Amino acid sequence: MALPHILSSPPSSTSLSPSFKSKPPLSPAFASNLRRCKLTSFRCSSSSFSEKHHNANPPKPDDVVELPLFPLPLVLFPGAILPLQIFEFRYRIMMHTLLESDLRFGVVYSDAVSGSAAEVGCVGEVVKHERLIDDRFFLICKGQERFRVTNLVRTKPYLVGEVTWLEDRPSGEENLDALASEVEVLMKEVIRLSNRLNGKAEKEVQDLRRNQFPTPFSFFVGSTFEGAPREQQALLELEDTAARLKRERETLRNTLNYLTAASAVKDVFPSSS
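Residues numbered from 1 in each chain as written. Predicted model: local features only at pLDDT ≥ 70, side-chain atom pairs only at ≥ 80, totals over all residues. Heavy atoms only, no water.

The chain appears in an unreviewed UniProt entry as BnaC02g24440D protein from Brassica napus.

Let us look at the pairing of strand E5 (residues 117-131). Judged from the 6 bridges that link them, strand E4 (residues 104-110) and E5 form a sheet pairing that is antiparallel. Bridged to Arg104 within E5 is Glu125. Taking the residues that link successive antiparallel strands as the turn, the E4-E5 hairpin has 6 residues, and the phi of Gly115 there is positive, at about 80°. Inspection of the sheet shows E5 paired to strand E6 (residues 137-154) by 10 bridges, in the antiparallel sense. Across the sheet, Lys128 pairs through a bridge with Ile140, a residue of E6. The antiparallel pairing of E5 with E6 creates a hairpin that spans 5 residues between the two strands, and Asp135 there sits at a positive phi of about 75°. (Pairing = 2+ DSSP bridges. Helix = DSSP H or I, 4+ residues; strand = E, 2+ residues; numbered from the N terminus.)

Bringing the environment of Leu82 into the picture now. Position of Leu82 relative to the elements: it lies in strand E3 (residues 81-86). C-alpha separation for the pair Leu82 and Lys142, spaced 60 residues apart in sequence, amounts to 6.1 Å.

The biggest cluster of nonpolar side chains holds 49 residues, and the ones touching the most others in it are Leu84 and Phe105. It is helix H3 (residues 176-197) that provides the largest number of residues to this core, a total of 8 residues. Counting contributing residues per domain, this core is built from domain 1 (64-165) and domain 2 (176-268), each supplying no fewer than three. One finds Leu67, Phe147, Val149 and Leu159 within the second-largest nonpolar core, a separate group that totals 10 residues. (Core = buried A, V, L, I, M, F, W, Y, C linked by side-chain atoms within 4.5 Å. Buried < 20%, exposed > 50% of the residue type's maximum accessible area, 1.4 Å probe, protein only. Domains from an automatic or database assignment.)

Looking now at the packing of H3 against helix H4 (residues 214-223). At their nearest, the axes of H3 and H4 sit 10 Å apart, and the two run at 25° to each other. In terms of axis orientation, H3 runs roughly parallel to H4. Seen from above, H3 lies across H4 with left-handed handedness. Contacts between H3 and H4 pair Leu176, Asp177, Ala180, Val183, Glu184 and Met187 from the former with Pro214, Phe217, Phe220 and Val221 from the latter. A class-by-class count of the residues in the contact of H3 with H4 yields 8 nonpolar, no polar and 2 charged. (Axes fitted to C-alpha atoms, helices over the stretch in contact; angles between N-to-C directions. Parallel < 35°, antiparallel > 145°, perpendicular 65-115°, else oblique. Left-handed = near helix turned anticlockwise from the far one by under 90°. Contact = heavy atoms within 4.5 Å. Nonpolar A, V, L, I, M, F, W, Y, C, P; charged D, E, K, R; others polar.)

With that out of the way, let us pick up the confidence of the model for the chain. Looking at the chain as a whole, its pLDDT mean stands at 80, while 75% of the residues score no less than 70. Overall, residues 1-26 carries pLDDT values under 50, and its contacts beyond four positions in sequence, including any with other chains, amount to 88 contacts. Every residue in residues 29-56 scores below 50 in pLDDT, and together they form 65 contacts with partners more than four places removed in sequence or on other chains. (pLDDT = per-residue confidence, 0-100.)

What follows concerns the side chain of Arg247. Relative to the elements of secondary structure, Arg247 occurs in helix H6 (residues 241-268). Looking at Arg247, its side chain comes within polar contact range of the side chain of Glu231, at 2.8 Å. (Polar contact = N/O pair within 3.5 Å; in protein donor to acceptor, adjacent residues only side chain to side chain.)

Now for unusual backbone geometry. Along the chain, Lys156 connects to Pro157 via a cis peptide bond; the corresponding omega equals 0°. Along the chain, Pro157 turns up in the loop between E6 and strand E7 (160-166). A positive phi angle, close to 50°, is found at Arg210, a residue other than glycine. You can call Arg210 partly exposed: its relative accessible area is 34%. A positive phi is found at Asn211, a non-glycine position, where the angle reads about 65°. Along the polypeptide, Asn211 turns up in the loop between H3 and H4. Residue Asn211 is classed as exposed on the basis of its relative accessible area, which comes to 77%.

For the structure on display, the rule yields 4 aromatic pairs. Aromatic side chains Phe70 and Phe105 sit 6.0 Å apart centroid to centroid with 50° between the ring planes, which places their arrangement in the tilted category. Of this pair, Phe70 sits in strand E2 (residues 64-72) while Phe105 is found in strand E4, placing the two residues 35 residues apart along the sequence. Assigned by exposure class, Phe70 and Phe105 land together as buried. (Phe/Tyr/Trp six-rings, centres within 6.5 Å; stacked < 30°, edge-to-face > 60°.)

Spelled out as structure tokens, the structure:
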């Protein structure tokens, strides 16, 4: 799974807008990102953190807590790995505070065009860090719980909001395992065709689900939809695993249709590739 390196200053907007709703994406870049969806391991010459930072008591949906917020032009999903470079002064201040507390902050998607930030985000927990001589930080973060911002407590030197926690509701009679398996099959076919179009060997795609339950698998699938942050945001906000998997299934079907057509054109006109 390809993961973005955030090397530019994040948007400074403090507004919180309604959540994004969008149609599933359909682009070659999307398929290319899926092709690299294997989990990537990251090395960081930094210290590990002691058990005192481990959250032994996960938050409950009714809890209201204050959380530092970090607007970024991307969407973080539970379980996803996010490398960051922190150099802006206010976020260096935030990091110094976090290193003395629980190492958790909220990542919220900030639209590059409007500058507004989404109400629903995901907790990023710092699992490794390296502090440089000039006080910049290199971080490796892992996505944890989702949250909804209910109130901004302060905006300086960095955003802090009151948040409540989000959990998926029961999906009723839906067969989540069957849905997840269908999504996995579509992902494998998208990867296979994408490899073919890019001149790579059509090797059999290994197990993508890796024994994950349907809910974490649905988050993993959403994290591979890079290049379509509004669609990713819509997936993050859904509170129903079945609805999320169905939306991902639709996106993958659309992408597969595109790749199938492109593959047919390549067969007829090899020089056009």
